[in-house]
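These are the residues of each chain, in order.
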Amino acid sequence: MKRLHVHVGVTDLDQSIAFYSNLFASAPAVRKNDYAKWMLDDPRVNFAISARPDGGVRHLGIQVETAQELGEVYARLRAADAPVIEEGKTTCCYAQSEKSWISDPQGVAWETFLTTGESTTYGGGADGAAPESHAATKPPPCCAPAALESVV
C-alpha cells in the first residue's frame, strides 16, 4: 500500500512539532534536533518537517512498501511527459532509501521512494555524506537533487 509524503520546511521546529502533534493527535514517530516525522494511518501520510530558514512545502511524494510497488511507480514516472532523475540508493531525512524525482508541470518536485532502513545522519545525497560547505546547523541538500532544479 502506498502512502502520500509531504515535507514542509519550518522556521521554528519546536513550535511546529507542538502544532502538528495537536493537529494529528499524535507525537512524531521520529524526532531529531532538526527534523520530525509522523507516519499517520488516517489519513495515510508520511508527514515530515525540517528546520529551514525559509518555511514552506519542500516537496511531495509517494512512499511505497515493496520493491514491486516501486517498480510500478517508476514505470508511471517514465510514462509522464517530464524528465525523471533516478537518484537510486541514498541517505536522506535520517533514512536509507531508493528514490527518483520528477517535477509536475507547475514545477512542484515529486519524490517516489522505498525506505530500506534508518540512518544516524540527515543525509546528503547518494553517498549519504553531507557536503563540507554546510554548517552543522544547516541541513545538507538532500530532499531534492540539485539536478532537479535544471529540469523544472
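Residues numbered from 1 in each chain as written. Predicted model: local features only at pLDDT ≥ 70, side-chain atom pairs only at ≥ 80, totals over all residues. Heavy atoms only, no water.

## A word on the environment of Ala36
Structurally, the position occupied by Ala36 is in strand S3 (residues 35–41). Using a relative accessible area of 0% as the deciding quantity, one classes Ala36 as buried. Beyond its immediate chain neighbours, meaning those up to four positions away, Ala36 contacts Ile17, Pro28, Val30, Arg31, Phe47, Ala48 and Ile49. (Helix = DSSP H or I, 4+ residues; strand = E, 2+ residues; numbered from the N terminus. Buried < 20%, exposed > 50% of the residue type's maximum accessible area, 1.4 Å probe, protein only. Contact = heavy atoms within 4.5 Å.)

## Here's the deal with the pairing of strand S4 (residues 44–51)
A regular strand places its side chains so that they alternate between the two faces of the sheet. In terms of burial, S4 is largely enclosed, as six of its eight residues are buried. Here strand S1 (residues 3–10) runs beside S4; their pairing, made up of seven bridges, is parallel. When the bridges of S4 are listed, Val6 appears paired with Phe47. Sheet topology places S3 next to S4; seven bridges connect them, and they run antiparallel. Among the inter-strand pairings, Leu40 is bridged to a residue of S4, identified as Val45. (Pairing = 2+ DSSP bridges.)

## Observations regarding empty space enclosed by the protein
This model, assessed by the stated rule, comprises one cavity of 30 Å³ or more. What the largest cavity holds in volume is close to 130 Å³. Along the wall of the largest cavity there are 14 residues; nearest its centre are Cys92, Cys93, Ala95, Glu111 and Phe113. Elements represented by at least two residues in the lining of the largest cavity include exactly S3, strand S7 (95–103) and strand S8 (109–118). The residue makeup of the lining of the largest cavity, split by class, is six nonpolar, five polar and three charged. (1 Å grid on protein atoms, 1.4 Å probe; cavity = no way out; pocket = protein on both sides within 12 Å on 5 of 7 lines; lining within 4 Å. Points joined across faces, edges and corners; volume = space filled by probe spheres on them. Nonpolar A, V, L, I, M, F, W, Y, C, P; charged D, E, K, R; others polar.)

## Points about helix H1 (residues 13–24)
Relative to the 16 Å expected for twelve residues at 1.5 Å per residue, H1 spans 16 Å between its end C-alpha atoms, a close match to the ideal helical length. Inspection of H1 places Leu13, Ser16, Ile17, Tyr20 and Ser21 among the buried residues, and these make up the whole buried set. Angularly, the buried residues of H1 cover 130° about the axis, an arc narrow enough to put them on a single face. Residues Asp14, Gln15, Asn22 and Leu23 are exposed on H1 and point more than 90 degrees away from its buried face. Sitting at the amino-terminal end of H1 is Asp12, which places a side-chain oxygen 3.3 Å from the backbone nitrogen of Asp14. Backbone geometry just after H1 places Ala25 at a positive phi near 55°. (Expected span 1.5 Å × (residues − 1). Arc of directions from axis to C-beta. Polar contact = N/O pair within 3.5 Å; in protein donor to acceptor, adjacent residues only side chain to side chain.)

## Concerning unusual backbone geometry
Here the residue pair Asp42 and Pro43 is connected by a cis peptide bond, since its omega of 0° sits within 30 degrees of zero. Among the structural elements, Pro43 can be located in the loop between S3 and S4. Positive phi values are uncommon outside glycine, yet Tyr94 reaches one of about 60°. With respect to the helices and strands, Tyr94 occurs in the loop between strand S6 (85–92) and S7. Since its relative accessible area comes to 10%, Tyr94 is described here as buried.

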